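# Analysis of the macromolecular model
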Amino acid sequence: MVECRSGDSKLDAAVEGWLRHDKNPVTRNEVLSDISNSKWHKLKKTMLKRQKFGTAGLRGCMAAGYMCMNDVVVLQTAQGLCSYLQKVCNQSQLNNGIVVGFDGRHNSQRFAELTTKVFVSASIPVHLFSKVCPTPFVSFGTILFGAAAGIMVTASHNPKTDNGYKVYWSNGSQVIGPHDDNILEEIWTCLSIPDDHWNIEEIRNHELVSDCYEEVTVQYLQYIRSSLHDDVLEDNKNAAIDIVYSAMHGVGYESVVKAFEEANLKAPISVKEQQDPDPEFPTVQFPNPEERECLELSKELAEKNNVKLVLVNDPDADRLAVAEYDFESKSWKVFSGNEMGSLLGWWILKQHAKHGAVQDEDEIFLLASFVSSRMLKAIAKGKAQFVETLTGFKWMGNTTLLLMQQDKIPLFAFEEAIGYMCSPRVPDKDGVSAAVHVASLASNLYSKGSSLERQLQALYAEYGYHVCRNSYFLVHEPSITTKIFSRIRNYHGPGVYPKKVGSSEVVFVNDFTCGVKIPEPTNGECHLRVLGTGLDQDYTNGEMIHFQCSNGLSVTLRTSGTEPKLKYYSELVCDAPTIK
């Protein structure tokens with residue numbers, strides 16, 4: 001038995017416990033090397049705490065330690081989840097099994113198969129995708145099979161060194177409280193890893209393992225077609241617009257091509273260099289389509305082929321970037337998530353107004369995260385209710401399902417980080433269906449001689465000009481983040497927050513983390529209350545402070561739940577300038 005002698009008894013116990021569990025030679029040797037080289041600071045960071053479920057489940061660097069993604073963390077998480085499901089689910093749900101999918105990152109398939117081994121060892125069936133799949137397919141499949149839970153192994157758009165573990169509840173939405181905290185508590189009782197859980201050589205031949213790729217794909221494509229009205233299908237066919245598409249070295253290409261066919265859209269022109277899954281993401285520094293560099297190959301291909309519209313998924317195909325070329329100015333418009341969320345929300349609401357059986361504005365709902373633009377709220381006025389949730393689609397997805405339980409009609413949800421839910425059939429962000437709906441909207445507009453940019457300007461003219469500026473700072477040291485927010489909370493003295501943002505006077509502060517509101521809202525200032533939004537409970541997801549100014553400017557600062565980022569969001573609403 002290897003001994004760890006760091007001088008810190010807690011660290012020694014954690015490291016020695018790790019070595020008792022870990023049978024993976026790569027991560028085991030990493031820890032042994034750290035001990036030999038006295039890398040106590042590194043070991044304290046990785047060994048003394050466990051990851052919590054953030055805005056997108058577990059996510060971290062692939063390395064040794066409880067704060068990272070590795071075999072031990074995956075096995076213990078799967079064991080804890082399995083044990084918890086056995087306690088809270090009825091036998092019928094357990095008999096329906098769980099759904100497990102994975103993306104094309106390093107170790108994703110291995111993590112999926114280790115998870116599968118844990119569940120079949122507990123006599124719980126597993127619907128395991130035989131190859132990489134889009135993240136929304138796991139949400140859809142969980143509902144399709146009536147499964148007890150769904151698990152997607154993905155780190156979405158994170159750097160290539162990362163991986164993640166997204167857990168869906170039986171309703172097809174990501175887990176929220178109390179389940180997420182209860183699962184973490186259960187993991188602590190399931191730390192010992194049976195030797196047999198490491199053996200996955202014959203896992204796909206196990207009698208309780210079935211390949212669900214084909215069935216989920218077929219059913220999902222049927223859903224895509226049914227989500228489009230006949231006139232949209234006809235418009236798509238007649239318009240036959242050309243579109244350049246990139247899967248960003250991820251899993252989206254095959255599914256998007258099939259979805260376009262179901263929607264009567266022309267097969268997209270693919271960026272070949274980024275078409276197939278590649279865990280190295282060789283053409284980009286970060287595989288995040290929010291980063292402008294990720295669109296460069298797509299734009300080059302579009303210009304070469306005289307194509308106006310570019311669609312780019314992130315590597316797990318749950319988000320979508322959109323860009324449009326103006327042949328007159330020879331320039332590109334890259335749409336923000338707020339802009340595209342407003343366009344898509346307007347389009348889907350318009351389709352419902354044209355075809356929906358229920359038109360009562362009190363029964364129809366549009367959703368967005370708190371840090372997203374309020375333009376969708378202006379669009380919804382008089383036609384639908386608008387609901388805000390905490391950041392993260394787990395909140396919008398669960399709120400969507402709660403609304404459906406009340407026989408309401410949630411049409412659309414979006415977040416500023418280019419995530420869109422175009423139907424409650426997938427109560428999560430879905431970059432495949434979003435691609436279909438953007439392409440359908442563009443087909444409609446292009447056939448009329450208009451464009452996405454012109455329609456956006458028309459919406460500004462009607463609903464007010466919403467100017468948003470969002471970005472982030474990379475902050476790798478948590479202590480620095482703590483100092484920044486402490487300074488904000490004591491800006492003019494102890495407990496006194498900033499009185500101005502630039503030259504704009506602050507009239508309201510909402511410190512989500514500390515539960516402080518200045519001034520306290522009166523009864524007359526209450527907004528629409530919907531349970532399950534996350535805004536109806538204490539905030540426990542890091543730091544978040546919101547400022548509202550007298551001139552209509554709003555500014556929010558928060559820490560990311562998936563990356564070492566300090567993010568800021570700002571919006572100013574004013575009358576639109578005259579469009580010539």
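Description of the structure in this document. (Residues numbered from 1 in each chain as written. Predicted model: local features only at pLDDT ≥ 70, side-chain atom pairs only at ≥ 80, totals over all residues. Heavy atoms only, no water.)

### Details of the pattern of salt bridges
To be explicit about the condition: In what follows, salt bridge is the name for a side-chain nitrogen of Lys or Arg lying within 4 Å of a carboxyl oxygen of Asp or Glu. Secondary structure elements follow DSSP: runs of H or I no shorter than four residues count as helices, runs of E no shorter than two count as strands, and numbering proceeds from the N terminus.
Taken as a whole and judged by the stated rule, the model has 27 salt bridges. E280 is the salt-bridge partner of K160, the closest N and O atoms lying 2.9 Å from each other. Of this pair, K160 sits in the loop between β4 (149-153) and β5 (162-169) while E280 sits in the loop between β8 (269-270) and α12 (296-304); the two residues are 120 residues apart in sequence, bridging distant segments of the chain.

### Remarks on helix α13 (residues 337-355)
Basically, it comes down to this: To estimate the expected span of a helix, count its residues, drop one, and scale the result by 1.5 Å. Any residue under 20% of the maximum accessible area for its type is buried, any over 50% is exposed, and the rest in between are partly exposed; the area is computed with a 1.4 Å probe on protein chains only.
Between its terminal C-alpha atoms α13 stretches 26 Å, which fits the 27 Å expected from 19 residues at 1.5 Å a residue. Most of α13 sits inside the fold, with 15 of its 19 residues counted as buried.

### Describing unusual backbone geometry
Omega for the peptide link from G177 to P178 comes to 5 degrees, which places this bond in the cis form. The topology assignment puts P178 in the loop between β5 and α8 (179-188). Going from I518 to P519, the amide bond is cis rather than trans, its omega being -10 degrees. Examined against the element boundaries, P519 turns out to sit in the loop between β19 (516-518) and β20 (544-549). With phi around 45 degrees, A240 is a residue other than glycine that occupies positive phi space. As for its position among the elements, A240 is in the loop between α10 (230-239) and β7 (243-246). A positive phi angle, close to 60 degrees, is found at A317, a residue other than glycine.

### A few points about the side chain of D162
Formally: Under the rule applied, a polar contact is a pair of N or O atoms within 3.5 Å (in protein, one hydrogen donor and one hydrogen acceptor; residues adjacent in sequence only if both atoms are side-chain atoms). When checking whether two residues touch, look at their non-hydrogen atoms; a contact exists if any pair is within 4.5 Å.
Position of D162 among the secondary structure elements: in strand β5. Here the side chain of D162 touches N158 through a polar contact of 2.9 Å, side chain to side chain. In this structure, D162 is in contact with G60, C61, M62, R105 and A155, ignoring residues within four places of it in sequence.

### With respect to the state of the cysteines
Operational definition: Pairs of cysteine sulfur atoms within 2.5 Å are identified as disulfides in what follows.
In the structure shown here, the tally under the stated rule is zero disulfides. Lacking any disulfide linkage, C61 is separated from the closest cysteine sulfur, that of C68, by 5.6 Å. Judged by its relative accessible area of 36%, C61 is partly exposed. Using a relative accessible area of 8% as the deciding quantity, one classes C68 as buried.

### Regarding the packing of aromatic side chains
When we look at a pair of aromatic rings, we describe it by the centre distance and by the angle of the planes. Counted only if it meets this: Ring geometry is summarised as follows: Phe, Tyr and Trp rings, the Trp one being its six-membered ring, pair when their centres sit within 6.5 Å, and such pairs are stacked at plane angles under 30 degrees, edge-to-face over 60 and tilted between the two. Two limits define a charge over a ring: the Lys NZ or Arg CZ must be within 6 Å of the ring centre, and within 35 degrees of the ring normal.
Applying the stated criterion across every chain yields a total of 14 aromatic pairs. Summarising the aromatic geometry, the rings of F129 and Y213 are spaced 6.2 Å apart at their centres and angled 85 degrees between planes, so their arrangement reads as edge-to-face. With F129 in the loop between β3 (126-128) and α7 (135-144) and Y213 in helix α9 (residues 213-226), this residue pair connects regions lying 84 residues apart in the sequence. Looking at F129, the relative accessible area reads 0%, which means it is buried. Ring plane angle 85 degrees and centroid distance 5.5 Å describe the contact between F140 and Y220, whose orientation is recorded as edge-to-face. Of the two residues, F140 is situated in helix α7 and Y220 in helix α9; the sequence distance between them amounts to 80 residues. The pair formed by F140 and Y220 is uniform in burial state, with each residue classed as buried. The rings of F137, F140, Y220 and Y223 are connected pair by pair, giving a single aromatic cluster. One cation-aromatic arrangement involves R50 over W188; the distance from NZ or CZ to the ring centre is 5.8 Å. Seen from the ring of Y472, K565 lies directly overhead, with NZ or CZ sitting 3.9 Å from the centre.

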